[in-house]
Amino acid sequence: MTVVAETARFCADVLTCAELPDGDTVYDDAHPLWQKFVAAGLANWWLPERYGGRAFSLGDSVEISARLSYHDPGFAFSAFLPILASRMLEFFGSAELAQRYLPELSGTGSFCATLGSEARAGSELTNTETTFRRHGDSLVINGHKQFSTNLAFARFCLVLARNADDERDFAVILVPGEAEGFRVEQRWRMSGLLGTGTYAATFTDCAVPAGNALNGNGIRVLEVGLNGSRILMAAMAIGMSRRIRDLSMEYAATKRLGGAPLSRNAVFGARMGQLEMELETIKSQCDRAARDYDELYLGARPAEKFLGQGVLKSAVVAKMHSGQVGWKIASAASEGFGGLGYTEQHEIQRLMRAMRHISIVEGSDDVLRDLIYGRYVRRASRRG
Ligand SMILES: Cc1cc2nc3c(=O)[nH]c(=O)nc-3n(C[C@H](O)[C@H](O)[C@H](O)COP(=O)(O)OP(=O)(O)OC[C@H]3O[C@@H](n4cnc5c(N)ncnc54)[C@H](O)[C@@H]3O)c2cc1C
């Protein structure tokens with residue numbers, strides 16, 4: 001059975017029968033849905049075989065993210081986001097560090113988390129205020145991080161910090177969940193992606209071995225890590241748009257207009273044709289980005305090649321495009337349900353709120369537009 005078929009089975013056997021999450025639900029490693037996901041052999045499905053993983057490609061992962069999101073976007077987000085930290089560790093951690101921490105992710109389905117964002121640094125990572133300082137064989141970390149998903153139950157996290165003695169030097173450092181001086185603070189109550197646990201955290205003289213720092217400039221390392229998770233975030237819009245299409249068709253089969261079902265109405269038909277076209281463009285861009293990613297990943301010296309590229313243009317474009325088009329789809333569809341579509345009870349509201357995060361998390365559109373301009377428009381125009 002292919003991994004996509006395995007995911008489809010998990011969705012049919014488990015997710016369709018599960019209760020939808022509310023504001024108190026957290027998909028942590030003890031949650032029954034997560035345990036079933038682990039038992040199905042799907043947890044952290046992208047990890048390489050040398051770490052006990054199943055080594056599924058980004059191409060496959062796009063469809064996995066889409067299928068999980070069709071049923072439960074919060075579950076999908078919690079499930080794929082560890083690709084961000086685990087891929088940074090796989091590429092840029094020492095062999096010993098990777099061997100110590102990665103096999104557990106595939107074996108027991110434990111989580112890992114990333115701490116990049118800060119209250120003041122925002123998207124300008126060069127303004128990062130969390131610091132590290134070398135002290136003998138240790139690195140001592142101090143600072144506050146604003147958002148990190150899966151953090152409270154993560155086996156380890158990767159933290160972006162600035163060298164306290166050299167403001168141009170940044171590192172990504174692995175901190176075990178039980179490290180002294182590391183404290184997880186409040187869980188944010190999000191308006192969407194229910195079930196996802198996102199937290200703030202503080203580091204107070206938190207000492208870890210110097211070997212826990214990943215190789216390479218921390219900001220560049222984080223940029224590389226974000227390529228995979230941005231593509232899978234974009235892919236969530238495929239699943240949510242498919243769900244919106246199916247909900248609209250169910251509604252149109254029962255709603256009558258002028259003595260006939262809404263599904264026979266030309267205006268409704270045109271709207272659904274438009275939705276399908278837009279959905280296809282999301283899928284095409286995600287597939288394109290995943291192909292670019294897999295080409296680098298499966299080739300020789302992937303870590304080096306990714307580091308050379310940094311931000312993958314097609315991954316950023318996929319996330320921006322999915323966020324914008326997905327939002328348009330959700331908004332148009334909500335109107336189609338009339339007043340019902342504005343009630344909290346209607347599923348379209350849950351989907352709209354979840355869709356919104358794609359244009360915000362891992363770089364909002366304003367920030368990514370600026371990034372594309374700086375790296376691909378201005379530089380290209382200088383080349384003539
Ligand atoms: C559900 C959720 C989960 C998250 N999980 C994680 C996680 O696991 N790890 C993690 O590190 N972070 C995480 N985040 C944080 C998330 O990635 C950031 O919130 C997001 O990147 C936006 O950054 P910011 O909040 O710092 O906003 P800012 O960067 O301050 O941006 C706010 C606004 O300021 C404007 N702006 C900022 N910079 C520019 C610019 N250069 N050009 C033009 N306009 C600009 C834009 O309008 C932008 O939308 C999560 C957030 C959410 C909501």
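As a convention, each chain's residues are numbered from 1 in the sequence order in which they are written. With the structure being a predicted model, the display of local features is reserved for residues of pLDDT at least 70 and the display and counting of side-chain atom pairs for 80 or more, all residues being used for whole-chain, interface and lining totals. The basis for every side-chain value is the complete set of heavy atoms in the structure, and neither hydrogens nor water enter the calculation.

**Here's the deal with the UniProt feature "domain: Acyl-CoA dehydrogenase/oxidase N-terminal" (unreviewed entry) in the protein**
UniProt positions are given in the numbering used here, feature names are shortened, and annotations may be inferred rather than shown by experiment. In the numbering used here, UniProt assigns the feature "domain: Acyl-CoA dehydrogenase/oxidase N-terminal" (unreviewed entry) to residues 7-105. Secondary structure content for residues 7-105 is 62% helix and 0% strand, and the end C-alpha separation is 18 Å. A run of H or I in DSSP counts as a helix once it spans at least four residues, and a run of E counts as a strand once it spans at least two, with each numbered from the N terminus.

**Quick word on the pairing of strand β4 (residues 154-163)**
To sort residues, take the accessible area from a 1.4 Å probe on protein chains only and compare it with the maximum for the residue type: under 20% means buried, over 50% means exposed, and anything in between is partly exposed. Across the 10 residues that make up β4, a large majority, nine, are buried. The criterion for strand pairing is that DSSP finds at least two bridges linking the strands in question. Here strand β1 (residues 111-115) runs beside β4; their pairing, made up of five bridges, is parallel. Considered in β4, the bridge of C112 is made with F156. As defined by bridge partners, strand β2 (residues 131-135) adjoins β4 across two bridges and the pair is classed as parallel. Considered in β4, the bridge of T131 is made with R162. Both β4 and strand β5 (residues 166-176) contribute to a ladder of eight bridges, which runs antiparallel.

**Brief notes about the domain arrangement of the protein**
Note that domain bounds follow an automatic or database assignment of domains. Its domain assignment divides the protein into domain 1 (3-107), domain 2 (112-212) and domain 3 (218-376). Measuring from the centre of the C-alpha atoms in domain 1 to the corresponding centre in domain 2 gives 22 Å. Contacts between domain 1 and domain 2 engage 25 residues on the former and 22 residues on the latter. The quantity reported as buried area is the accessible area (1.4 Å probe) lost by two parts once they are put together, taken as the sum for both. Summing the contributions of domain 1 and of domain 2, the shared interface buries around 2,000 Å²; its carbon and sulfur component is 64%. Each salt bridge in this description consists of a side-chain nitrogen of Lys or Arg and a carboxyl oxygen of Asp or Glu lying within 4 Å of one another. For the interface between domain 1 and domain 2, the tally reads two salt bridges. Notably, a salt bridge pairs E104 with R155, separated by 2.8 Å at the nearest N-O pair. Polar contact is the term for a pair of N or O atoms within 3.5 Å; when the atoms are in protein, one must be able to donate a hydrogen and the other to accept it, and sequence-neighboring residues count only if both atoms are side-chain atoms. The tally of links from domain 1 across to domain 2 stands at seven residue pairs in polar contact (both at pLDDT 80 or more). Elements represented by at least two residues in the side of domain 1 that touches domain 2 include exactly α4 (73-80), α5 (82-92) and α6 (95-107). Ranked by residues supplied to the side of domain 1 that touches domain 2, first place goes to α5 with six residues. Note that Gly is not counted as nonpolar here; it falls among the polar residues with everything else outside the nonpolar set of Ala, Val, Leu, Ile, Met, Phe, Trp, Tyr, Cys and Pro and the charged set of Asp, Glu, Lys and Arg. Residue classes in the side of domain 1 that touches domain 2 are distributed as 14 nonpolar, five polar and six charged. Contacts between residues were defined by any pair of non-hydrogen atoms, one from each residue, lying within 4.5 Å.

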